[in-house]
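The residues making up each chain are set out below.
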Amino acid sequence: MDNCIFCKIIGGEIPSATIYEDDKFKVVLDRFPGNIGHVLILPKTHYADIFEIDEDTASELFRLAVKVAKNMKAVLGFEAMNVVQNNGSLAGQTIHHFHLHLIPRYPDDKVNIKWEQLDLTDEQIEDVRAKLEMK
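Please read these numbers as outputs of a predicted model, since none were measured by experiment.

Definitions and limits used
Residues numbered from 1 in each chain as written. Predicted model: local features only at pLDDT ≥ 70, side-chain atom pairs only at ≥ 80, totals over all residues. Heavy atoms only, no water. Salt bridge = Lys/Arg side-chain N within 4 Å of Asp/Glu carboxyl O. Helix = DSSP H or I, 4+ residues; strand = E, 2+ residues; numbered from the N terminus. Buried < 20%, exposed > 50% of the residue type's maximum accessible area, 1.4 Å probe, protein only. Polar contact = N/O pair within 3.5 Å; in protein donor to acceptor, adjacent residues only side chain to side chain. Contact = heavy atoms within 4.5 Å. Pairing = 2+ DSSP bridges.

J.: Hey, could you run me through the pattern of salt bridges in this one?
T.: Where side chains of opposite charge bring their charged atoms close, a pairing between them can arise. Applying the stated criterion across every chain, the model contains 7 salt bridges. A salt bridge links Lys44 to Glu21, with the shortest nitrogen-to-oxygen separation between them at 2.8 Å. Of this pair, Lys44 sits in the loop between strand 3 (39-43) and helix 2 (55-76) while Glu21 sits in strand 1 (residues 18-21); the two residues are 23 residues apart in sequence, bridging distant segments of the chain. The exposure class assigned to Lys44 is partly exposed, which follows from its relative accessible area of 26%.

J.: Would you mind showing me how to read the side chain of His101 here?
T.: Relative to the elements of secondary structure, His101 occurs in strand 5 (residues 100-105). Take His101: its relative accessible area is 13%, and that puts it in the buried class. A distance of 2.8 Å separates a polar atom in the side chain of His101 from a polar atom in the side chain of His38. In terms of polar contacts, His101 uses its side chain to reach the side chain of His99, at 3.3 Å. Excluding residues within four positions of it along the chain, His101 makes contact with Asp30, His38, Val39, Leu40, Asn82, Val83 and Val84.

J.: Can you help me understand the pairing of strand 3 in this one?
T.: Along any regular strand, the residues point their side chains to alternate faces of the sheet. Burial analysis of strand 3 places 5 of its 5 residues in the buried class, which makes it a mostly covered element. Neither face of strand 3 is open: one carries Val39, Ile41 and Pro43, the other Leu40 and Leu42, and all of them are buried. In this structure, strand 2 (residues 25-29) lies alongside strand 3, joined through 5 bridges in antiparallel fashion. When the sheet's bridge partners are listed, Leu29 is paired in strand 3 with Val39. In this structure, strand 3 lies alongside strand 5, joined through 3 bridges in antiparallel fashion. Paired with Leu40 across the two strands is His101, which belongs to strand 5.

Next up, the structure:
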């Protein structure tokens, strides 16, 4: 994609602080991080979001995420991590190239990933479950 900033980073047109790269993925420090050590895992093939990425690539990406996260924890010494992946503008996706955020969490940091919980009835839950059931 000509205007995709992540495609430009992957292609070397824009410099990045790369911590890992292979033929399918590039892992970079987020230029505008939520916390120290915040990384992005980028597939080298352009997929706009989870609805476009194939299952094999998604599986490989998540296996890589586990390895990267374990290394980050060992090196940076944080206690917790948020794994974040947004799909579509309404969900907070600002760059429409599939990417996974690994965000270390430290005591008293300023990261805030919250939502207001709904209080659904058993009937509402069953209605949604029946609609989503996969056979």
